[in-house]
Amino acid sequence: MYNLVMTLIIIVSFLIIIATLMQPQKQQDALNALSGGAVFSGQTKKRGFEALMEKITGVLLVIFFVLAIILVKLSSK
């Protein structure tokens, strides 16, 4: 059981890396960030591919943490 959970956690970690790298980049220069223009950038609703990738990443992170907790419980026995 320990080896199965360890394998699943490794697979999920690679999927998290891939999902994170596939998310669209927000292009902001340093001047915009320093002048306060970056304050309002997160207030728009995400749609399409960006929203889908954010949901997939969130689900993968939840799965990762659940598997990590299971792995801790199995390793303490």
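Each value, and the rule that gives it
Residues numbered from 1 in each chain as written. Predicted model: local features only at pLDDT ≥ 70, side-chain atom pairs only at ≥ 80, totals over all residues. Heavy atoms only, no water. UniProt positions renumbered as here; feature names shortened; annotations may be inferred. Helix = DSSP H or I, 4+ residues; strand = E, 2+ residues; numbered from the N terminus. Buried < 20%, exposed > 50% of the residue type's maximum accessible area, 1.4 Å probe, protein only. Contact = heavy atoms within 4.5 Å. Core = buried A, V, L, I, M, F, W, Y, C linked by side-chain atoms within 4.5 Å. Expected span 1.5 Å × (residues − 1). Patch = residues over 30% accessible without salt bridge, like charges linked within 9 Å, V, L, I, M, F, W, Y side chains within 5 Å. Areas by Shrake-Rupley, 256 points an atom, 1.4 Å probe, with all protein chains shown as cover. Salt bridge = Lys/Arg side-chain N within 4 Å of Asp/Glu carboxyl O.

### Focus: the UniProt feature "transmembrane region" (unreviewed entry) in the protein
The sites that UniProt annotates as "transmembrane region" (unreviewed entry) are residues 6-22 and 56-74. Helix makes up 100% of residues 6-22 and strand 0%, and the two end C-alpha atoms of the span are 25 Å apart. Secondary structure content for residues 56-74 is 100% helix and 0% strand, and the end C-alpha separation is 27 Å.

### Regarding the side chain of T57
Considering the arrangement of structural elements, one finds T57 in helix 3 (residues 49-75). The buried category is assigned to T57, whose relative accessible area is 9%. Not counting residues within four places of it along the chain, the set of residues in contact with T57 comprises A19, T20 and Q23.

### Observations regarding the nonpolar core
The biggest cluster of nonpolar side chains holds 9 residues, and these are V5, I9, V12, I16, A19, M53, L60, L67 and L71. At the level of elements, helix 1 (2-22) and helix 3 are the ones that each hand at least two residues to this core. Counting residues per element, this core draws most heavily on helix 1, at 5 residues. Excluding its chain neighbours within four sequence positions, the residues that come into contact with M53 are A19, M22 and Q23.

### Some remarks on helix 1
Residues spaced three or four apart along an α-helix face the same direction, because each turn holds 3.6 residues. With 21 residues, helix 1 extends 30 Å from end C-alpha to end C-alpha; this agrees with the ideal 30 Å at 1.5 Å per step. Each element contacted by the buried residues of helix 1 is listed here: helix 3.

### Observations regarding a nonpolar patch on the surface
A contiguous nonpolar patch, built from M1, L4, L8, I11, L15, I18, M22, F49, L52 and I56 and spanning about 940 Å² of accessible area, is present on the exposed surface. If you tally residues by element for the nonpolar patch, the top one is helix 1, at 6 residues. Among the secondary structure elements, I56 is positioned in helix 3. Accessibility expressed as a relative area gives 35% for I56, which makes it partly exposed.

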